[in-house]
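# A closer look at the structure
Residue strings, one per chain:
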Amino acid sequence: MSDSTCRKIRNICILAHVDHGKTTLADHLIAACGGGVLHPKLAGRLRYMDYLDEEQRRAITMKSSSIALQYKDYNINLIDSPGHMDFCSEVSTAARLSDGALVLVDAVEGVHIQTHAVLRQAWVEKLTPCLVLNKIDRLITELKLSPMEAYNRLQRIVHEVNAIVSAYKSEKYLSDVDSLLAGTSGDADQELIEVEDDEEDMFQPQKGNVAFVCALDGWGFCLSHFAEIYASKLGASMTALLKGLWGPRYYHTKKMMIVGKKGLEGVTKDPQPMFVQFVLKPLWQVYQAALETDGDRRMLDKVISTFNLSVPQRELQNKDPKIVLQAVMSRWLPLSDTILSMVVKCMPDPISAQSARISRLLPKRELVVDGPSFGSDVITEAEYVRKCVESCDSSVDAPCVAFVSKMFAVPFKMLPQRGLNGEILNNQPTGEAGESDECFLAFARIFSGVLHSGQKVFVLSAVYDPLKGESMQRHVQEAELQSLYLMMGQGLVPVSSASAGNVVAIQGLGQFILKSATLSSTRNCWPFSSMMFQVAPTLRVAIEPSNPADIGALVKGLRLLNRADPFVEITVSSRGEQVLAAAGEVHLERCIKDLKERFAKVSLEVSPPLVSFKETIEGEGINLLDNSKAFSCSTEYVEKTTPNGRCTIRVQVMKLPCTLTKVLEECSNVLEDIFEGQSRKKDGSLGSHITQDDCELVEGVRKRIVDAIESELESVAKKIDKDRVERCRRMWFEFFQRIWSLGPSQVGPNVLLVPDSGAGNVDSCSQGQRGMLIRGSCDISKRLGFLNTDIQTRSSLTSLEESADETELLCMEAEALKSSIVSGFQLATAAGPLCDEPMWGLAFLVEPYIFRDNSDATNQSDQYGILSGQVMTTVKEACRSAVLQNKPRLVEAMYFCELNTPTEYLGAMYGVLGKMRARVLKEEMQESSSLFTVHAYVPVAESFGFADELRKRTSGAASALLVLSHWEELPEDPFFVPKTEEEIEEFGDGSSVLPNMARKLMNSVRRRKGLHVEEKVVQHATKQRTLARKV
């Protein structure tokens, strides 16, 4: 395919908050340019892209689906995406395959929480967005706004959306400035100018990237449409009119010119902007003429005659005024022409888009060549492949590269039965038993080369590294493509080949790809970067078949569901339960329905939700100096010894500041990417294989960590003197230079610190001998740039004056135990002492001492086990004991809840929030409506059934959207027992104290996991007696 053909392609997705009109807009585009698959009269009511029964029943989109449109000589691949937060993963898959995004905002409801999320998604994926203000008709018919009031409302929405994008730009601006300050001054001036140029508003109606539409009635316009109408009428240029039709611009009728507000002083008392005078007023007049009983129908006739509209008489004579209005408006301002012309004009073709998005899709890897293992031929070919992707090379000789964003299941009966030439296709099930009804297709975008049916390609996982050769064999597979399809919503059209820039469905990759992957015709290709998901699957349930004999069918069904849904997670708990994790209640209900009806086809028993908690210790993290002093100088530590007495472990624990904990948690994926390509040694340290992209990530993480501590210091600076703040700052940076490991899973929000250089040796309690302190390597500190790697670090062992042979033997043994210490820390942070939940925001200082082996028994290792295992267990138990001694607390996940409710149901809504232990943040009334918007935090543990309860109490008038927000510490002590006179007077003595909320939650988790629960079996003990009935 030539470049000219590729430049006629547009790949776009529709993004918006739930119920803002995405699928309705898609209906009108399909009716106009979909090749006759949808009749125009059904557009807006059929919801063509929502072809699943569950989607039609709930009236929401649950998956992203694509359709190919033909507009003039342009091929437009349109991807409709969900707006519900439970299906935000589908938004990520749609955004990765697109080059541009239509961001819809309801003109009445305005910007909502999911609008922020989709704008963020578009920014991260480097998409070119266009703004579509939908439901303009509701400003006229429902809110009864005047044209001036409607203009102010629309202008405020545009400014709000621009402010959101500007916030993302400012993040990039600050990072650019930081990088420029580190660079040369000559280049800095040029790039700073580019950064400043980027500061203008993203969405400007005069630029043509903002559309005002009513998707339900099928009409819409951009400013260029009215500029063309008035250009000849007023004798003005199109450019001048486009600038004047938005903002504080006014038309001076006497001077026949566009002026500012000062230019109309003394001419009129109530000046109206040109957008109100020339755009909104005519629309209001048409609506009033059609809908009001005393409306002037001649206005409609004037519009029809002026613009030569062909409106059938049967529609004009219809008794329903809404049908008459729709007939006139949809022909005067056709929605499809407005949107698709904006898409063609404002959104880039694949060639332009991929050159702009290449840094996100395939980040440049400038490798530091370190030894002969780095193959120059591999690097050369990988760079050539990257250049082909950047230029969207669609030639036959170019390497073929495609990205699969998700796998989706289609019944075999829905596959085309005939090929391009009418031949019968053998689309019959060939899989294993139980998989025969579903065929898995790959939802893919071709970024380079040409894909053919029957072609063999390499399937690369996200961690594949072409430089590692044989060690990466399990991350690359060779597969043969069976068939290629052009997606038409639910329908599939077989094609023999597809070139770069196209979106296709691929058959034959079901057994090779689980969620997403990169397809390449060569092994020497870097995989595409991973997609960003807005939330994590937090709602977990245990599933088992009603009939135990169906367990095999359930396991197969879960495996199929895991492949078909990009966001679901399937795990097996320690008790052997099959655990399904979903994003929310709606997502979970759909997964259960799919399991029962499509994949497993067995009756299921679903447990109550398994809520995740975390464990920490008491403290706010504000008193940094006191905490750090206590941490470095305290004699309060937990000491444990291995069973054979050869190793003693001392552990101290301190709570990290909340801001630092959040940074470590949010950066876990980035840290995983940084450490992913590193060759880990047995003691947990990393190799020196560093890329330029890694350096940028490291710099960003280090900056966020430093900013977190600085923000905490600023918050306490007013309460303490400057010298103390400075000492505290130095102390924290010393801590940052002693980070041995993070946990759990090497990237969690808990820190393992290397013992201080001042720590000495310890006497063995049993033998009276001196021990050797094992010092770990400050590997994480080096990798994050807190410690200069060129500086020779101090000896990792503090040795004693022993004989040379004994010291060398002890040093070798201590060196081998480092990995066991780290493993013990990882085990401890993965399962805390309260209820085996992960720890959160804790710093552990572990001081391990090893002693010489004076035992003459040869079977000592058999009696106690190998020393490394003993050390691992002892470190784990010591860390857990240290947490128990420092006032442990539970941490629960919190949802951010956005509610909309009429005034009369406000009390009922607050009753539901009170029942759910919610904390209300804000309550405000929406302008020009009777709806209240309430923001609150709701604990995840209390949120199940929240939407149903809210609908029942408010008769369906209130709606709520839940988004996972943060983790919050419960202030109650789960082991609280009244001790003081005041506590005993308030709560009673220990025997009658009811368990607090923290204790209840802890016991529920322990009971679910089969752990010991301290509770009274008999609540009210009375003597048993027999009640006899006497006749």
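Everything below is about the structure printed above this text.
Residues numbered from 1 in each chain as written. Predicted model: local features only at pLDDT ≥ 70, side-chain atom pairs only at ≥ 80, totals over all residues. Heavy atoms only, no water.

## Re the packing of helix α27 (residues 818-830) against helix α29 (residues 867-884)
So the rule is basically this: Orientation is described by lines fitted to C-alpha atoms, with helices fitted over the stretch in contact, and by angles between N-to-C directions that extend from 0 to 180 degrees. A run of H or I in DSSP counts as a helix once it spans at least four residues, and a run of E counts as a strand once it spans at least two, with each numbered from the N terminus. Oblique is the label for every angle not falling under 35 degrees (roughly parallel), over 145 degrees (roughly antiparallel), or within 65 to 115 degrees (roughly perpendicular). Crossings are sorted by hand: turned counterclockwise from the far helix by less than a right angle, the near helix makes the crossing left-handed, and turned clockwise it makes it right-handed. Should any heavy atoms of two residues lie within 4.5 Å, those residues are considered in contact.
As a packed pair, α27 and α29 sit with axes 7 Å apart at the nearest point and diverge in direction by 40°. Classed by the angle they form, the pair α27 and α29 counts as oblique. For the element pair α27 and α29, the recorded crossing hand is right-handed. For the pair α27 and α29, the contacting residues are S820, I821, S823, G824, F825, L827 and A828 in the first and S868, V871, M872, V875, K876, C879 and R880 in the second.

## Some points on unusual backbone geometry
Basically, it comes down to this: Burial classes: relative accessible area under 20% of the type maximum marks a residue as buried, over 50% as exposed, and values in between as partly exposed (1.4 Å probe, protein chains only).
Following G743, the chain continues to P744 via a peptide bond in cis, the omega torsion being -5°. By the secondary structure assignment, P744 is in the loop between β27 (739-743) and β28 (750-753). Positive phi values are uncommon outside glycine, yet K135 reaches one of about 60°. Along the chain, K135 falls in the loop between β5 (128-134) and α6 (137-141). For K144, which is not a glycine, the phi torsion comes out positive at approximately 55°. Looking at the element boundaries, K144 is found in the loop between α6 and α7 (147-182). Given the relative accessible area of 62%, K144 is considered exposed.

## Topic: a negative patch on the surface
Heads up, the rule is: Every patch collects residues that have over 30% relative accessible area and no salt bridge, joining them within 9 Å if they carry like charges and within 5 Å if they are nonpolar side chains (Val, Leu, Ile, Met, Phe, Trp, Tyr). Computed by Shrake-Rupley with a 1.4 Å probe, the accessible areas treat only the displayed protein chains as cover when residues are assessed. Here a salt bridge means any side-chain nitrogen of Lys or Arg lying within 4 Å of a carboxyl oxygen belonging to Asp or Glu. Charge convention: Lys and Arg are scored as positive, Asp and Glu as negative, and His as well as the terminal groups of each chain are ignored. The location of each charge is read from NZ of Lys, CZ of Arg, CG of Asp or CD of Glu.
Residues E981, E982, E985 and E986 make up a contiguous surface patch of negative charge. Position of E982 among the secondary structure elements: in helix α32 (residues 981-987).

## Details of the pairing of β27
Rules: Here, a strand pair is defined by DSSP locating no fewer than two bridges between the strands.
Here β27 lies mainly inside the structure; five of its five residues are buried. Judged from the four bridges that link them, β27 and β28 form a sheet pairing that is antiparallel. Bridging across to β28, I739 finds its partner in L753. Between the end of β27 and the start of β28, which pair antiparallel, lie six residues, with S745 showing a positive phi angle near 60°.

## Points about the environment of G552
Following the sequence through the fold, G552 ends up in helix α18 (residues 551-564). By relative accessible area, G552 is classed as partly exposed at 39%. In sequence terms G552 and A600 are 48 residues apart; their C-alpha atoms lie 9.0 Å from each other.

## Remarks on the sheet that holds strand β21 (residues 569-572)
Either a parallel or an antiparallel arrangement is found when strands of a sheet pair, and the pairing is made through backbone hydrogen bonds. If you walk across this open sheet you meet the four strands as β21-β22-β20-β23, and the pairing is antiparallel. Here the strands that pair on one side only, and so sit at the sheet edges, are β21 and β23 (604-606). Strand-to-strand, the axes of this sheet are offset by a mean angle of 30°, without reference to chain direction. Where strand β20 (residues 539-545) and strand β22 (residues 578-582) come together, five bridges link them in antiparallel fashion. Within the sheet, the bridge partner assigned to R540 lies in β22 and is A581.

None of the figures reported here should be taken as evidence of function without further support.
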